[in-house]
Amino acid sequence: MTTSSFTQNLLNVQAELRNFAFKLTADYEDANDLVQETTLKALDNEDKYTDETNFRGWMYTIMRNLFINNYRKTVRDQTYVDRTDNQFYLNSGVDVEGDSTEGAYDAKEMRRIVNSLPKEYRLPFSMFVAGFKYREIAERLGLPLGTVKSRIFFSRQKLQEALKDFR
């Protein structure tokens, strides 16, 4: 394939690439960046393209791989690893610095609101706060998964509504 036909194919597929990029990123600016990265990668690797290959499929593959690599990099960059000696405090559920008067009042108020919920809502919510997964709660209580999710959602809504003055 000549350079001019390669460039022409590249220009012809730009609109489709932009649509595909938007489906991947759900953001116009990120989609445009992804299209630009894909185009540059294709131009850099023009010599690796063979005429028998589906050009559009080749471009979609480049874009998908770039998106996956960028996503993994973003997740890796956002991961924080605490390397302190006191790691046993991380998930203990205890305030290491001591409870402030405000914090104790807020916790007491939250407990009061949660305890005022009907039992069928309070129990799944308490289990969820304790760290159980939706599926585990559903199995232990013998309820459908959707019912557990909706009851926890309702409990959260009730708690947010009752605590809106504390924000």
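Residues numbered from 1 in each chain as written. Predicted model: local features only at pLDDT ≥ 70, side-chain atom pairs only at ≥ 80, totals over all residues. Heavy atoms only, no water.

Caption draft 1: The arrangement of the side chain of Thr25 in detail. Its place among the elements puts Thr25 in helix α2 (residues 14-25). Engagement of the side chain of Thr25 in a polar contact is seen with the backbone oxygen of Asp27, the distance being 3.1 Å. Dropping the residues within four chain positions of it, Thr25 is found in contact with Asp30, Ala31, Leu34 and Phe67. (Helix = DSSP H or I, 4+ residues; strand = E, 2+ residues; numbered from the N terminus. Polar contact = N/O pair within 3.5 Å; in protein donor to acceptor, adjacent residues only side chain to side chain. Contact = heavy atoms within 4.5 Å.)

Caption draft 2: Structural detail: the nonpolar core. Among the nonpolar cores identified, the biggest contains 16 residues, and Phe6, Ala42, Phe55, Trp58 and Met59 are the most heavily contacted of them. Among the secondary structure elements, those contributing two or more residues to this core are α1 (3-12), α2, α3 (28-44) and α4 (55-78). The dominant element in this core, judged by the number of residues it contributes, is α4, at six residues. Once residues lying within four places of it in the same chain are set aside, the contact partners of Phe55 are Phe6, Asn9, Leu10, Val13 and Tyr49. (Core = buried A, V, L, I, M, F, W, Y, C linked by side-chain atoms within 4.5 Å. Buried < 20%, exposed > 50% of the residue type's maximum accessible area, 1.4 Å probe, protein only.)

Caption draft 3: Inspection of the pattern of salt bridges at higher detail. Applying the stated criterion across every chain, the model contains two salt bridges. Between Arg56 and Glu16 there is a salt bridge; the shortest N-O distance is 2.6 Å. Taken together, the positions of Arg56 in helix α4 and Glu16 in helix α2 put the pair 40 residues apart, joining distant regions of the chain. Note that Lys73 is salt-bridged to Asp77, the shortest N-O span being 3.0 Å. Taken as a pair, Lys73 and Asp77 lie in helix α4 at a separation of four residues, close to a single helical turn. Overall, the relative accessible area of 43% leaves Lys73 in the partly exposed class. Relative accessible area serves as the criterion here: at 53%, Asp77 is assigned to the exposed category. (Salt bridge = Lys/Arg side-chain N within 4 Å of Asp/Glu carboxyl O.)

Caption draft 4: Just a negative patch on the surface, in detail. A surface patch of negative charge is lined by Asp27, Glu29, Asp30, Asp33 and Glu37. Among the structural elements, Asp33 can be located in helix α3. (Patch = residues over 30% accessible without salt bridge, like charges linked within 9 Å, V, L, I, M, F, W, Y side chains within 5 Å. Areas by Shrake-Rupley, 256 points an atom, 1.4 Å probe, with all protein chains shown as cover. Lys, Arg positive; Asp, Glu negative; His and termini not counted. Charge placed at Lys NZ, Arg CZ, Asp CG, Glu CD.)

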